[in-house]
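Residue-level listing of the chains:
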Amino acid sequence: MALLEVDDLSVTFARRGQRTVHAVDGVSFSVDTGEVVGLVGESGCGKSVTSLAIMGLLPKQPGLRVGGKAVFDGNDLLQLDDRSRRDIRGRDVAMIFQDPLSSLNPVIPIGLQVTEVLARHRGMKGEAAAKEAADLLDRVGIPDPRRRLKEYPHQLSGGMRQRALIAMAVACQPRLLIADEPTTALDVTIQAQILELLKDLVRDSGTALVMITHDLGVVAGMCDTINVLYAGRVVETATRRPLFRQPRHPYTEGLLGSVPRLDAGRGERLNPIPGSVRDLLPWPDGCAFAPRCARRVDACVGEPPELVLTHDARSYRCVNPVPVPGLTPEADARATAPTTTEPGAVPAQAEPADPPAVPGSGPAPREEETP
Amino acid sequence: MSDNDILVEVRDLKVHFPIRRGVLFDRTVGHVKAVDGVDLSIPRGKTYGLVGESGCGKSTLGRALLQLTPPTSGEVKFDGVELTTLPAGKLRATRRRMQMIFQDPMSSLDPRQNVESILTEGLQAHGIGANRDDRRRIIGETLDAVGLPKWALSRYPHEFSGGQRQRIGIARALVLGPELIVADEPVSALDVSIQAQVVNLLDELQDSLGLTYLVIAHDLAVVRHISDVVGVMYLGALVEEAPSDRLYTEPLHPYTRALMSAVPVPDPDVEDRRERILLAGDLPSPANPPSGCRFHTRCPWAQPTRCADERPELRQIGASRVACHWAEQIAAGELRPHEVTAKVTRPEDEGEEPGVVSAPSEPGSYV
Amino acid sequence: MTITGGKKREKIDRLAELSAREDEQGVSLWKEAFRRLRRNPAAIVGVVILAIFVLVAVIGPFLVPYSPTDSIGIREGLVKSGQGIIPGASADHWLGFDHQGRDEFSRLVVGARQTLLVGVVSTLIGLAVGALIGGVAGAAAGLGGRWGRWIDTTLMRFIDMLLAMPSLLLAVSIAALLGASLTTVMIAVGVVSVPIFARLLRGSMIAQANSDYVLAATSLGVKKSKIALTHVVPNSIAPVIVQATLTLATAIIEAAALSFLGLGNPDSAIPEWGVMLADAQPYLGIRPGLAIYPALGIIITALGFTLLGEAMREALDPKLRK
Ligand SMILES: Nc1ncnc2c1ncn2[C@@H]1O[C@H](COP(=O)(O)OP(=O)(O)OP(=O)(O)O)[C@@H](O)[C@H]1O
Ligand SMILES: Nc1ncnc2c1ncn2[C@@H]1O[C@H](COP(=O)(O)OP(=O)(O)OP(=O)(O)O)[C@@H](O)[C@H]1O
Ligand code: SF4
Ligand code: SF4
Ligand SMILES: [Mg+2]
Ligand SMILES: [Mg+2]
């Protein structure tokens, strides 16, 4: 059983007089203990809403509907009442946001905000809490932590604020950390510091990390498993190397072809995906990516493409995937997942190309929705 | 066209913004040295890329080059004409030949203008096109060039997607038939898949129209992709300038090395193999830059002599220009990097004391 | 593939061509805002309230059954306020009489006109003076330079002083200076709203002047004066219009308060809701309705302006646009 198992999560916002927004439209993924899982996708594909739904932090507005399951350690987070959810939040599951300034209270010193967390979830008080808070700040690389504790968020630089936020998030040694674009607002050299810090924290404490980002470079550097989202659904899941070496879903391939690379020469044309994320087909009518897809065939339309599990523990949602070089399409189709087997019974696996961080636990057989 | 046909030449350009404080009437208490002595030249038909972290003065340099922000001192020669001393009327006429593309496609378009009126504004200002039909023809051609449909003309900016809006911004710059385009972060507000479309468009336009670009961006990969020469800025000054391939294969300045190693590459193999040079601490405030080499507070190669008290000049080393006293020794491996402890950097313009928040005299704070 | 598949594919091809609505005209910002306004129930409620109010104020006085100044009740001997006899609603007099035996309903209807007049005129005074000061300060700040900054700072310090004074105190001082009359009330209430409009217009002008599209126009080579007229001013006006709507609500309340304090029209023969409220005070115990009717009128119209103003703010907010 994975630490977090998100199954068919859906979030819709219905507003009077406006079209209903299917912000998240059947997202499934799982996170193992100590694993770093990436959620990648372009703006508006539902990354933030997914994480907020898991944390129970979505704005309580009329017309909000959350469906599916998010099982953390045996409890469905979506079914918990507010109190037990608040207990889990911060203690077992913590979150880091993109904008550190707006997630810190501007009128309370950093130190008090950290000790508050310690008092709430670990029952620490007074000098002990202050010492622990200083240790935490030190651990996340804030110089002169004792003095920083008395300072207010606006007195810290963007990078330091993000560090303070991370310190608060890891204060209770949560088992799962969700980071929603933690470095998007920061400069590259600061981003490198923060990513390194997160990697160290995860490695040292065995915390599982869900890394939400639109930057393929960031996931390439730190994620074990990557889920690519498009229009509110996971369209491809794979471990790191296979995903970047052989993307199977045309969208993943398109994304990789769109990014200019530091190590490519001047004048090499990029291969952008035509159109924009606005041009999408509603999932019930077929593949949402169809209007922009170069590999589109007739079968893409009419009903949503089913999730295909392949032999190398990856899955994609596409009827005409990018072929693997050296594998004829027919052979590939035969190698394709046994759609009738029991969920979880993934057939004998090839040597995992990219072993996950935790030794001993192979790529977890995951309960995908049976196609 | 020879290689040394220089279109833009910038000499010792400085832009200092006064910092004003005061209860009743403002007084100047210091200067933000946003751009502090930059020399560069851009050959006709080439692309000069400018990279650097937030607040290092890239945008200010671009604007000062176009005389949108008056420079404090220095020279800007455009096609042999000195712009800083040009009378206002002549300068306005010259603007036809140099245009700008902005970062935020939404805020750089007046929400009340439709596309036709956005594109006509410049034509009217310069009296281009004999009549309405003539202007429509020019506009139609420009729309084709940037890949926007004809029906866009009667639409308003908010009816387009981000990528399309950026195309409108590009069309607005192109419609006057400029020679130089300063593109300030042209793709950083766009989605990954749209970024590539716009980057390709800029490339194609350069090929077909022979444009000269100054591309400003914080994304090294983008800049490297579209530039012939890249200049790296740190705290208002160039620290290294090199042909774009060379900058990646042989970065000479310590800051460039750190920057290069910090950029994530979407390739796990590269990511795992790469050696990271992690810089300690944050960017110092440009209002109070460090003495000597401005990078010495964070530089892993900083030496006890010269670094802290002597400001390095840009020196020619091979095909690059580098502002570091020890560039050769570092390249040869004679000097080794060392651990740097982070120092605290204050965010700019913040009161020292908590709770001392100045009265809302900043523009926009009460709208 | 089946025929339906082919049809679906066509549909997608059309989608892929980005948009199929070629014939449609663009929707300008104002049209779009208006569309969203129409969909907002709060705006509709506000508009309905205001429509009724304006209708009553404009044509009501021609249709009232009795003269609002005619002490009918006393003449007919029905009202003896000295002895505490003020009859309430009846078939002839729908809301009864006031303390001087005048038909309350007629007074209420005619009072609506006075109230609207005070509200509109005082807001216009505030808007005109405030916009003038704010516009000059904004333009001076936009032009910059030593003089520009000096003019801007001076004007704004003056405005800050006005803003620092409690508005009722300011209004009372003005009224004391000019003597009690309806004009005084309108000027006093108008002056109170001057700093709001001035700061608002200046602020949004400076924000617009620093915006990227003004920079873009400058880099196109458009003249400064033309930029000010085509970009800066038109884009600064939206928040001012919203504020004017909201100010109408406070103006009506403030005017009523001043009248209530006796700074309004000393001749209570001309009905005005604030005056009526003041007049009703001694008779609260006998006929609370005399206070309740004008108070309700004030509250409901103020609510109407506030609802509409807030809805307009929302509709014009660029952040909420899709
Ligand atoms: N409170 C809300 N009400 C209505 N729609 C919403 C709400 N919050 C989010 N959405 C919509 O849900 C979709 C997904 O939003 P989400 O913030 O998850 O995107 P994202 O993947 O995090 O994008 P980004 O990279 O821009 O952060 C978007 O289309 C957004 O407009
Ligand atoms: N009009 C101004 N008045 C005062 N200071 C300014 C002004 N414009 C810019 N600055 C300051 O000058 C410095 C350089 O700003 P600039 O916008 O050029 O940086 P940048 O390199 O473009 O950064 P970014 O990547 O964030 O756009 C910053 O510290 C900024 O605060
Ligand atoms: S299902 Fe069809 S349209 Fe969708 S990604 Fe695959 S090939 Fe493209
Ligand atoms: S001059 Fe000194 S401090 Fe500056 S970059 Fe070179 S080695 Fe580092
Ligand atoms: Mg998000
Ligand atoms: Mg900039």
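Residues numbered from 1 in each chain as written. Chains lettered and ligands numbered in written order. Predicted model: local features only at pLDDT ≥ 70, side-chain atom pairs only at ≥ 80, totals over all residues. Heavy atoms only, no water.

- In the nomenclature of an unreviewed UniProt entry, chain B corresponds to Peptide/nickel transport system ATP-binding protein from the organism Micromonospora marina.

- Chain A is annotated in an unreviewed UniProt entry as Peptide/nickel transport system ATP-binding protein from Micromonospora marina.
- Recorded in UniProt for chain A, the comment headed Subcellular location (unreviewed entry) runs: "Cell membrane". (UniProt positions renumbered as here; feature names shortened; annotations may be inferred.)

## Digging into a positive patch on the surface
Next, step 1: A contiguous patch of positive charge on the surface is contributed by Lys31, Arg35, Arg38 and Arg39 of chain C.
Next, step 2: Relative to the helices and strands, Arg39 of chain C resides in helix 2 (residues 29-39). (Patch = residues over 30% accessible without salt bridge, like charges linked within 9 Å, V, L, I, M, F, W, Y side chains within 5 Å. Areas by Shrake-Rupley, 256 points an atom, 1.4 Å probe, with all protein chains shown as cover. Salt bridge = Lys/Arg side-chain N within 4 Å of Asp/Glu carboxyl O. Lys, Arg positive; Asp, Glu negative; His and termini not counted. Charge placed at Lys NZ, Arg CZ, Asp CG, Glu CD. Helix = DSSP H or I, 4+ residues; strand = E, 2+ residues; numbered from the N terminus.)

## Notes on the site of ligand 1
All names here are of chain A.
Next, step 1: Surrounding ligand 1, one finds 14 residues, the nearest of these being Ser43, Gly44, Lys47, Ser48 and Val49.
Next, step 2: In the model, an oxygen atom of ligand 1 is placed 3.0 Å from a nitrogen or oxygen of the Gly46 main chain.
Next, step 3: Take Glu181: an N or O atom from its side chain is 3.3 Å from an oxygen atom of ligand 1.
Next, step 4: For ligand 1, the accessible surface in isolation is 630 Å², of which the surrounding protein chains cover 66%.
Next, step 5: Taken together, the elements giving at least two residues each to the shell around ligand 1 come down to strand 2 (21-31) and helix 1 (47-55).
Next, step 6: A total of 3 residues in the shell around ligand 1 trace back to one element, the largest contributor, which is helix 1.
Next, step 7: Here the shell around ligand 1 is composed, by residue class, of 6 nonpolar, 5 polar and 3 charged. (Near = heavy atom within 4 Å. Polar contact = N/O pair within 3.5 Å; in protein donor to acceptor, adjacent residues only side chain to side chain. Nonpolar A, V, L, I, M, F, W, Y, C, P; charged D, E, K, R; others polar.)

## Observations concerning helix 5 (residues 126-139) of chain A
Since one α-helical turn is 3.6 residues long, residues separated by three or four positions face the same way.
Residues and elements named next belong to chain A.
Next, step 1: Between its first and last C-alpha atoms helix 5 spans 20 Å; for 14 residues at 1.5 Å apiece the expected length is 20 Å, and the two agree.
Next, step 2: Among the residues of helix 5, Ala129, Ala130, Ala133, Ala134, Leu136 and Leu137 are the ones counted as buried. For helix 5, the angular spread of the buried residues around the axis is 160°, confining them to a single face.
Next, step 3: On its buried face, helix 5 is in contact with helix 4 (110-122), helix 6 (145-148) and helix 7 (158-170).
Next, step 4: Immediately beyond the C-terminal end of helix 5, within one or two residues, lies Gly141, with a positive phi of roughly 85°. (Expected span 1.5 Å × (residues − 1). Buried < 20%, exposed > 50% of the residue type's maximum accessible area, 1.4 Å probe, protein only. Arc of directions from axis to C-beta. Contact = heavy atoms within 4.5 Å.)

## Here we look at the environment of Leu176 of chain B
Next, step 1: Relative to the helices and strands, Leu176 of chain B is located in the loop between helix 5 (162-174) and strand 7 (180-184).
Next, step 2: Classification of Leu176 of chain B by relative accessible area gives buried; the value is 2%.
Next, step 3: Linking Leu176 of chain B and Arg11 of chain B, residues 165 residues apart in sequence, is a C-alpha distance of 27 Å.
Next, step 4: If we skip the residues at most four places from it in the chain, Leu176 of chain B touches Arg96, Gln99, Gly122, Leu123, His126 and Ile128 of chain B together with Leu220 of chain C.

## Re the pairing of strand 7 of chain B
In regular strands, side chains alternate between the two faces of the sheet.
Residues and elements named next belong to chain B.
Next, step 1: Burial runs high along strand 7: 5 of the 5 residues are buried.
Next, step 2: Side chains Leu180, Val182 and Asp184 of strand 7 all project onto a buried face; the interleaved residues Ile181 and Ala183 project onto the opposite face, where all are buried too.
Next, step 3: With 4 bridges joining them, strand 6 (residues 98-101) and strand 7 adopt parallel strand pairing. Considered in strand 7, the bridge of Met98 is made with Leu180.
Next, step 4: Bridging between strand 7 and strand 8 (residues 212-216) involves 5 bridges; their strand directions are parallel. Paired with Ile181 across the two strands is Tyr213, which belongs to strand 8.
Next, step 5: Of the crossover connections in this fold, the one passing from strand 7 over helix 6 (residues 192-209) to the parallel strand 8 is right-handed. (Pairing = 2+ DSSP bridges. Right-handed = clockwise from strand over helix to strand, strands pointing away.)

## Digging into the interface of chain A and chain B
It is common to give the size of an interface as the accessible area lost on bringing the parts into contact.
Next, step 1: Listed by partner, the interface residues are 56 residues for chain A and 62 residues for chain B.
Next, step 2: Here chain A packs against chain B, burying approximately 4,900 Å² in sum over the two surfaces, 55% of which is carbon and sulfur.
Next, step 3: Along the contact surface separating chain A from chain B lie 7 salt bridges.
Next, step 4: Measuring nitrogen to oxygen at the nearest pair gives 3.2 Å for the salt bridge that ties Asp207 of chain B to Arg269 of chain A.
Next, step 5: Between chain A and chain B we count 16 residue pairs in polar contact (both at pLDDT 80 or more) in total.
Next, step 6: It is helix 8 (residues 188-205) of chain A that contributes the most residues to the side of chain A that touches chain B, 8 residues altogether.
Next, step 7: Residues of the side of chain A that touches chain B, tallied by class, amount to 21 nonpolar, 16 polar and 19 charged. (Buried area = accessible area lost by both parts, 1.4 Å probe.)

## Quick notes on the packing of aromatic side chains
Next, step 1: Evaluated as defined, the whole model comprises 8 aromatic pairs over all chains.
Next, step 2: With a centroid separation of 5.2 Å and 80° between ring planes, the pair formed by Tyr230 of chain A and Phe289 of chain A is classed as edge-to-face. Linking Tyr230 of chain A in strand 9 (residues 225-230) with Phe289 of chain A in the loop between helix 11 (250-258) and strand 11 (307-309), this pair joins segments that are 59 residues apart in sequence. Judged on exposure class, the residue Tyr230 of chain A and its partner Phe289 of chain A are both buried.
Next, step 3: Relative to Trp150 of chain C, the ring of Trp147 of chain C lies with its centre 5.9 Å away and its plane at 75°, an arrangement referred to as edge-to-face. In this pair, Trp147 of chain C and Trp150 of chain C are both assigned in helix 6 (residues 145-164), 3 residues apart and thus about one turn of the helix distant.
Next, step 4: Judged by relative accessible area, Trp147 of chain C falls into the exposed class, the value being 64%.
Next, step 5: Overall, Trp150 of chain C belongs to the partly exposed group, its relative accessible area being 48%.
Next, step 6: In this structure an aromatic cluster arises from ring pairing among Tyr230, Tyr251 and Phe289 of chain A.
Next, step 7: If you follow Arg257 of chain B out to its NZ or CZ, it ends over the ring of Trp301 of chain B, 5.5 Å from the centre. (Phe/Tyr/Trp six-rings, centres within 6.5 Å; stacked < 30°, edge-to-face > 60°. Lys NZ or Arg CZ within 6 Å of the ring centre and 35° of its normal.)

## Topic: the domain arrangement of chain A
Residues and elements named next belong to chain A.
Next, step 1: According to the domain assignment, chain A contains domain 1 (4-92 + 174-262 + 270-332) and domain 2 (98-173).
Next, step 2: Placing the centre of domain 1 and that of domain 2 at their C-alpha centroids yields a distance of 30 Å.
Next, step 3: With 20 residues of domain 1 at the contact, the number on the domain 2 side is 14 residues.
Next, step 4: The junction of domain 1 with domain 2 conceals about 1,500 Å² of combined surface from both sides, 64% of it contributed by carbon and sulfur atoms.
Next, step 5: A per-residue breakdown of the area domain 1 buries against domain 2 is headed by Pro174, Leu197 and Leu201, which together make up 31% of the total.
Next, step 6: Here domain 1 is connected to domain 2 by 1 salt bridge.
Next, step 7: Across the pair Asp87 and Arg120 runs a salt bridge whose closest N-O atoms are separated by 3.9 Å.
Next, step 8: The interface formed by domain 1 and domain 2 includes 4 residue pairs in polar contact (both at pLDDT 80 or more).
Next, step 9: Elements with a contribution of two residues or more to the side of domain 1 that touches domain 2: helix 2 (82-91), strand 7 (176-180) and helix 8.
Next, step 10: If you tally residues by element for the side of domain 1 that touches domain 2, the top one is helix 8, at 6 residues.
Next, step 11: Split into classes, the residues belonging to the side of domain 1 that touches domain 2 amount to 10 nonpolar, 3 polar and 7 charged. (Domains from an automatic or database assignment.)

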